[in-house]
Amino acid sequence: MHLHQRRGLSRARLWGVGVLAASALALSGCAAASGTPSASNSAPLKIGISLSLTGDFSSSGKAAQRGYQLWADVANKSGGVLGRKVELDIVDDASSPDQVVTNYTNLITQTKVDIVFGPFSSLLTVPASRVASRYGYSFIEPAGGGPSVFDQKLNNLFFVQPAESTRGGDVFANYILSLPADQRPKTAAYAKLDDPFSAPIADSIQKRFEAAGIKTVYNQTYPSETADMTPIVAGIAAAKPDVVVGGTQEGDAFAQIKAMIQLKFNPKWLYEANGSNSPGDFPAAVSSANTEGVFGSIDWYADSTVSGSAKFISDYIAKFGGDANQIDPTSAEAYSAGMLLQEVATKTGKVDNATIIKTLHSGSWPTLVGTLSWDATGKPKGEYLLVQWVNGKLQTVYPAKTAQTSPVAPKPNWAG
Amino acid sequence: MHALIQAIILGILTGGVYALMASGQTLIFGIMKVVNLAQGAFVVLAAYLTYTLFVQFGVDPFASVLITTPLMFLVGMGLQWALLRPLHSDDVAQLSLLVTFALELGVEGILSFTYSTTLTNIQPSYANFSWTVFGFQVSLVRFFAFVLSLVVLAVLYLVLKRTKFGRAVRATVQNPMSAQLLGVNAQRVSALGFGLGAATAASAGSVFGMLNAFNPGSHYDLISRLLTVVVLGGLGSIGGSVVAALVMGVASSVVSAEASPIWSDFTFFIVLLLVLLLRPRGLFGARTRGAL
């Protein structure tokens with residue numbers, strides 16, 4: 001899960017017109033208007049993607065780029081897609097919703113790519129998916145999971161994560177409500193970042209908890225410029241909740257936890273929507289001894305037991321270096337977008353947009369982020385993994401079928 | 001009641017750090033009539049310097065103040081000499097806004113390029129330690145940050161009250177023309193004053209990096225707080241900015257803990273508006289402006 005929603009500056013980037021590609025497509029007799037070449041040709045399979053390679057989104061944009069490139073490399077090493085070499089045409093949108101429209105329009109009408117994949121963030125996915133829809137292109141997208149994406153009710157869109165972003169924490173509610181009634185928390189506190197991708201995660205959990213009789217004793221939303229979380233945590237501590245749910249991004253989650261340690265407040269259950277699910281950053285931010293027992297939710301992480309994950313990690317490190325815990329889940333999500341395309345091609349023997357749209361709307365599809373299926377609007381029908389820091393490692397603890405270990409509750413005391 | 005007292009303790013300790021940042025801001029205004037928009041960026045720059053010293057060389061963040069403060073003093077003097085001194089004195093108030101804004105953006109750009117835009121914080125082994133005093137938690141870092149602020153402010157006070165340079169500064173603040181007629185070198189005082197302002201930002205930056213996660217863009221929130229503190233205290237009054245910073249710290253903390261975090265900063269602005277309506281020069285503007 002990667003739910004950042006920030007804004008960056010716009011800077012247009014020019015790219016060459018795909019004259020050669022157009023000629024190749026013309027020669028192969030493709031239908032330029034729909035951009036769906038026949039499956040039988042041996043021309044390269046051109047995939048167009050707009051990503052935020054500069055500006056504020058750049059770190060996530062580049063993570064997506066690495067995932068796409070790695071998938072293309074792996075696919076090409078095994079003979080491409082239906083024998084066609086994969087060629088990625090990645091252009092920069094600098095996080096601008098205007099630029100992303102220009103980019104996809106150009107990729108489809110000028111460069112005449114065969115397929116498009118999605119950009120980073122819901123902000124950009126909404127306008128980009130409309131362009132793709134207008135030209136009859138499928139839109140497999142790894143990083144636009146906000147309600148605005150699915151409210152469009154587009155038939156061509158497929159979000160490559162287990163559930164819509166605002167339902168990322170539902171798996172924590174599922175776990176808590178799976179406990180016998182006498183072992184459940186009686187009271188809950190909710191501290192929510194005022195951000196369309198953070199507060200709704202906690203809202204969704206709160207709704208479920210309240211319906212199950214878990215009393216809300218603290219419920220506050222804080223603005224994104226809140227640097228010091230200590231007064232907020234002082235308020236939470238005074239309310240003495242059994243469970244604390246943080247509707248957070250990364251920085252505020254770390255600040256909440258540091259404040260809890262300093263105020264010596266240790267709830268029995270602690271869930272953070274983002275931040276605690278980062279095996280690379282979380283231990284460094286709060287010190288590794290203080291991670292124990294903290295819950296989070298995620299779709300992919302380095303110790304994920306999903307099939308193909310180990311190969312993805314070794315390929316990734318071989319190509320880009322670094323260590324497994326530093327791999328951004330966005331890379332795995334982008335890689336999974338490629339996997340879906342490959343699976344459709346293998347299953348149908350075709351790789352045109354109409355086939356992709358029709359095929360993905362039925363059945364379920366294994367990826368690095370779980371086995372996916374979608375409703376008519378492209379909203380995934382699964383759930384995230386509930387992860388918890390157990391014995392110094394981030395481990396899946398729920399749902400039981402994918403769990404690596406049992407959830408630890410109550411949470412051990414802070415190490416200080 | 002427990003939460004209220006805890007919030008007041010937190011507010012006072014945090015306010016101390018803001019007092020340190022704002023004292024430099026108000027000093028620069030007092031001497032040069034320059035609203036230094038880059039003060040927040042100086043704080044963030046110092047936080048990154050402290051981070052590098054800690055991560056690369058293992059220098060304790062509190063000890064690094066001894067390195068960052070003189071370094072930023074020199075940087076401040078250099079910047080004043082290079083960027084503000086050439087401005088024509090008639091337009092200095094307006095032009096300096098643009099120059100310091102450009103400086104602020106420049107510092108942010110360099111930091112973004114060097115450190116990336118992801119959030120960082122300085123995490124020494126004692127970062128999360130706190131003492132329990134009568135049932136209330138007093139964070140070690142906040143406590144020593146507060147003590148450091150008091151020490152730096154005391155040094156600043158002594159420099160201004162007991163040294164020849166301090167007299168020259170106070171004379172310049174009260175009446176620049178008379179000070180020059182009496183032989184005060186206004187350019188020198190301005191350069192040293194800007195250096196001192198940057199130096200206070202440096203000492204505050206070292207502790208700011210331990211209290212909060214920060215990135216190169218953190219200066220936007222800082223500068224808006226600093227400007228309100230300085231205006232509330234009375235532009236040019238160091239004592240006023242200390243009081244205003246403490247008022248802001250306590251008001252934000254208490255409202256955040258007892259009412260709602262959404263209203264925490266807003267409450268402070270209400271106080272600011274009321275003070276400005278009743279005393280347009282700020283809390284201490286009229287009485288002590290000339291005396292710093």
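Keep in mind the model is a prediction, meaning the values are calculated, not measured.

Trainee: How should the sheet that holds strand β2 (residues 86-92) of chain A be read in this particular structure?
Mentor: Paired through their backbone hydrogen bonds, the strands of a sheet run either parallel or antiparallel. Residues and elements named next belong to chain A. Strand order across the open sheet formed by five strands is β2-β1-β3-β4-β5, with parallel pairing between neighbours. Each edge of the open sheet is held by one strand with a lone partner, namely β2 and β5 (157-159). Each strand axis lies, on average, 25° off the axis of its neighbour in the sheet, ignoring direction. Of the strands in this sheet, β1 (45-51), β2 and β3 (115-117) touch helix α2 (residues 58-77), which is tilted by about 170° from β2. Against the sheet, helix α13 (residues 353-360) touches β3, β4 (139-141) and β5, its axis set at about 55° to β5.

Trainee: How do you make sense of the pairing of β1(A) when you look at a structure like this?
Mentor: The two faces of the sheet receive side chains in turn, since in a regular strand these alternate between them. Residue and element names in this part refer to chain A. Of all the seven residues making up β1, seven are buried; the element is thus mostly covered by neighbouring parts of the structure. What you see with β1 is no split at all: Leu45, Ile47, Ile49 and Leu51 on one side and Lys46, Gly48 and Ser50 on the other are buried throughout. Bridge count between β1 and β3: three bridges; the pairing is parallel. Residue Ile49 lies in a different strand from β3, and its bridge partner there is Phe117.

Trainee: It is not clear to me how the nonpolar core should be interpreted in this structure. Could you clarify?
Mentor: Burial of nonpolar side chains together is a common tendency in soluble globular proteins. Residue and element names in this part refer to chain B. Within the largest apolar cluster, 71 residues are counted, with the highest numbers of intra-cluster contacts made by Met21, Leu27, Phe42 and Val169. Counting residues per element, this core draws most heavily on helix α8 (residues 186-211), at 12 residues. When sequence neighbours within four positions are dropped, the list of residues in contact with Met21 reads Gln39, Val43, Thr200, Ala204, Phe208, Leu222 and Leu226.

Trainee: Even after reading the chapter, I still don't get the confidence of the model for chain B, so can you show me in this structure?
Mentor: Low-pLDDT portions of the prediction should not be read for the details of their coordinates. Residue and element names in this part refer to chain B. For chain B, per-residue confidence averages 87 on the pLDDT scale, and 97% of positions sit at 70 or higher. When mean pLDDT is compared element by element in chain B, helix α2 (residues 39-57) scores highest at 95, while helix α12 (residues 285-288) scores lowest at 53. When the criterion is pLDDT under 50, residues 287-291 qualifies, and its contacts beyond four places in sequence or with other chains add up to 14 contacts.

Trainee: Mind showing me how you'd approach the packing of helix α8 (residues 230-239) of chain A against helix α10 (residues 238-258) of chain B here?
Mentor: Between two packed helices, what matters for the description is the angle formed by their axes and the separation of those axes. Where α8(A) contacts α10(B), the two axes come as close as 7 Å, and the packing angle between them is 35°. Our pair here, α8(A) against α10(B), has a crossing hand that is right-handed. Contact with α8(A), carried on its side by A:Pro231, A:Ile232 and A:Gly235, involves B:Ser253, B:Ser256 and B:Ala257 of α10(B) and no other residues of that element. Residues of the contact of α8(A) with α10(B), tallied by class, amount to three nonpolar, three polar and no charged.

Trainee: Just to check I follow, could you spell out the side chain of A:Gln220 for this structure?
Mentor: Among the structural elements, A:Gln220 can be located in strand β7 (residues 215-222). A:Gln220 sits in the buried class, given a relative accessible area of 18%. Separated by 3.2 Å, the side chains of A:Gln220 and B:Ser260 make a polar contact. The residues touching A:Gln220, leaving out its near neighbours within four places in the chain, are A:Tyr190, A:Ala191, A:Lys192, B:Ala259, B:Ser260 and B:Pro261.

Trainee: Can you walk me through the domain arrangement of chain A in this structure?
Mentor: Many authors give the size of an interface as the accessible area that is lost as the parts come together. Residues and elements named next belong to chain A. Considered domain by domain, chain A is made up of domain 1 (19-164 + 306-372) and domain 2 (167-302 + 384-402). Here domain 1 and domain 2 have C-alpha centroids that lie 32 Å from each other. Contact residues are listed per partner, giving 19 residues for domain 1 and 12 residues for domain 2. Of the roughly 1,200 Å² buried between domain 1 and domain 2 on both sides combined, carbon and sulfur atoms contribute 59%. On the surface where domain 1 and domain 2 come into contact, there are zero salt bridges. Along the contact surface separating domain 1 from domain 2 lie four residue pairs in polar contact (both at pLDDT 80 or more). Class assignment for the residues of the side of domain 1 that touches domain 2 results in 11 nonpolar, six polar and two charged.

How each quantity is defined
Residues numbered from 1 in each chain as written. Chains lettered and ligands numbered in written order. Predicted model: local features only at pLDDT ≥ 70, side-chain atom pairs only at ≥ 80, totals over all residues. Heavy atoms only, no water. Pairing = 2+ DSSP bridges. Helix = DSSP H or I, 4+ residues; strand = E, 2+ residues; numbered from the N terminus. Axes fitted to C-alpha atoms, helices over the stretch in contact; angles between N-to-C directions. Contact = heavy atoms within 4.5 Å. Buried < 20%, exposed > 50% of the residue type's maximum accessible area, 1.4 Å probe, protein only. Core = buried A, V, L, I, M, F, W, Y, C linked by side-chain atoms within 4.5 Å. pLDDT = per-residue confidence, 0-100. Left-handed = near helix turned anticlockwise from the far one by under 90°. Nonpolar A, V, L, I, M, F, W, Y, C, P; charged D, E, K, R; others polar. Polar contact = N/O pair within 3.5 Å; in protein donor to acceptor, adjacent residues only side chain to side chain. Domains from an automatic or database assignment. Buried area = accessible area lost by both parts, 1.4 Å probe. Salt bridge = Lys/Arg side-chain N within 4 Å of Asp/Glu carboxyl O.

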